[in-house]
Amino acid sequence: MILNNINLILEDQVVNGSLEIKNGLIHNYSDRQTQLSAAIDGQNGWLLPGLIELHTDNLDKFFTPRPNVDWPAHSAMSSHDALMVASGITTVLDAVAIGDVRDGGHRLDNLQKMINAVVDSQRAGLNRAEHRIHLRCELPHESTLPLFEELMMQPELSLVSLMDHSPGQRQFASRAKYREYYQGKYHLNDQQMAEFEEEQITLSARWSAPNRTAIADHCSRRGIPLASHDDATVEHVAESQALGSVIAEFPTTEVAARASHQHGLQVLMGAPNIVRGGSHSGNVAAHQLAAIGVLDILSSDYYPASLLDAAFRIAHDATNSFTLPQAVNLVTRNPASALGLQDRGVIAEGKRADLILARAHDSAQSKHVYVQNVWRQGIQVF
């Protein structure tokens with residue numbers, strides 16, 4: 001297959017030309033257009049590598065579309081997969097929470113069903129995107145380590161993150177923000193909220209530190225990439241580096257982001273943070289980190305379509321120095337590199353033909369980039 005009349009977003013430049021695919025790989029590309037009539041006309045659209053998503057809990061929404069509604073696993077997985085590829089995501093790490101019982105237990109109840117849905121559909125060749133597992137380990141729970149030890153042998157496990165969402169630190173350094181978030185989420189009165197806060201603080205004091213050390217040790221011995229989560233201080237970052245983290249997920253302060261970057265951790269921020277213009281939790285804005293050059297990876301987190309949108313927004317933001325190729329690297333090359341996936345993430349000869357053809361649409365209100373077609377390993381999936 002040959003794609004013609006396209007703007008190829010390479011690692012460090014954009015060239016207009018053509019690209020040839022053979023046997024699921026990029027055979028070659030050129031800065032000239034082909035004269036072959038059988039070539040597909042890209043109509044001067046953007047051609048970029050398939051997006052690589054490291055942390056999305058989007059699957060949760062399909063397993064539990066409404067409170068107390070459990071959706072059949074095969075249908076939930078199929079719908080989730082369709083949304084991924086429609087958003088241009090060709091490699092996705094589905095983040096599954098272990099040890100988190102704050103959502104009335106539904107995440108814990110769905111844990112094995114969700115993992116089985118990801119693994120079984122992927123092995124059966126049913127998915128259009130390539131799905132892997134990301135275990136989000138909520139540390140302040142007695143059940144977290146035993147659950148992790150049951151699941152860590154899964155071949156599809158590609159990333160582990162260590163998180164503690166208890167009040168008074170990290171994402172919720174502001175106790176007021178913590179109360180605002182959870183009282184709104186669970187409709188708790190003031191007394192119930194106070195009891196909930198104290199329970200979470202007690203659990204964190206008992207379980208967070210030993211679980212953090214034990215899980216990091218397992219990851220080190222098994223060669224599983226490790227991510228910190230919501231680091232807020234230089235001390236948090238030093239601890240994360242000592243544990244072997246390679247990714248710093250959602251640092252909450254500029255200080256922590258700078259320290260992570262300096263220590264060689266890839267700083268990952270939420271693409272919704274870029275699209276919305278800031279953090280919904282009141283923490284550091286991702287565009288601020290882009291402006292000072294310490295943003296390495298973007299994740300769609302809870303909104304898949306934000307990934308492509310955010311990359312182009314960064315490229316067009318005059319407050320930073322990102323070129324379009326550098327901005328696209330945030331959602332392609334850099335996450336692939338962080339996981340050691342050397343076969344994808346860039347447009348280069350011999351790499352997987354995971355590709356997106358995207359087009360810009362200008363309206364009176366805004367400029368929007370949308371996905372037109374997606375190929376995974378040379379097969380059109382959207």
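Up top is the structure these notes are about.
As the structure is a computational prediction, the values presented were derived from the model and not from experiment. Residue numbers here run from 1 along each chain, matching the order of that chain's written sequence. Reporting of local features is limited, given that this is a predicted model, to residues whose pLDDT is at least 70; pairs of side-chain atoms are given and counted only at 80 or more, and all residues count toward the totals for whole chains, interfaces and linings. The basis for every side-chain value is the complete set of non-hydrogen atoms in the structure, without hydrogens or water.

What to know about the pattern of salt bridges
Next, step 1: Salt bridge, as applied in this entry: a Lys or Arg side-chain nitrogen positioned within 4 Å of an Asp or Glu carboxyl oxygen. The tally for this structure, following the rule as stated, stands at 13 salt bridges.
Next, step 2: As a salt-bridge pair, Arg212 and Glu239 come within 4.0 Å of each other at their nearest N and O atoms. Pair noted here: Arg212 is in helix H6 (residues 190-222) and Glu239 is in helix H7 (residues 234-243), with a separation of 27 residues, a long-range link.
Next, step 3: Accessibility expressed as a relative area gives 6% for Arg212, which makes it buried. Runs of E in the DSSP output that reach at least two residues are strands. Runs of H or I that reach at least four are helices, and both are numbered from the N terminus. Burial status follows relative accessibility: with a 1.4 Å probe on protein chains alone, a residue under 20% of its type maximum counts as buried, one over 50% as exposed, and anything between as partly exposed.

Structural notes on the pairing of strand S13 (residues 355-362)
Next, step 1: For two strands to pair, DSSP has to find at least two bridges joining them. Where strand S4 (residues 40-49) meets S13, four bridges bridge the pair, whose relative direction is antiparallel. Of the residues in S13, the one forming a bridge with Leu47 is Leu357.

As for unusual backbone geometry
Next, step 1: Its identity is not glycine, yet Asn5 carries a phi of approximately 60°, on the positive side.
Next, step 2: Here Asn5 shows up in strand S1 (residues 2-9).

Here's the deal with the packing of aromatic side chains
Next, step 1: Aromatic contacts are taken between Phe, Tyr and Trp rings whose centres are within 6.5 Å, Trp giving its six-membered ring; a plane angle under 30 degrees counts as stacked, one over 60 as edge-to-face, and the others as tilted. Scanning all chains against the criterion turns up one aromatic pair.
Next, step 2: When the ring centre of Trp207 is taken as origin, the NZ or CZ atom of Arg206, which lies over that ring, is 3.9 Å away. For a Lys NZ or an Arg CZ to count as sitting over a ring, it must be within 6 Å of the ring centre and within 35 degrees of the ring normal.

Considering the side chain of His218
Next, step 1: Inspection of the secondary structure puts His218 in helix H6.
Next, step 2: Contact criterion: two residues are considered in contact whenever any of their non-hydrogen atoms come within 4.5 Å of each other. With near-sequence residues (within four places) excluded, His218 lies in contact with Leu145, Phe148, Glu149 and Met152.

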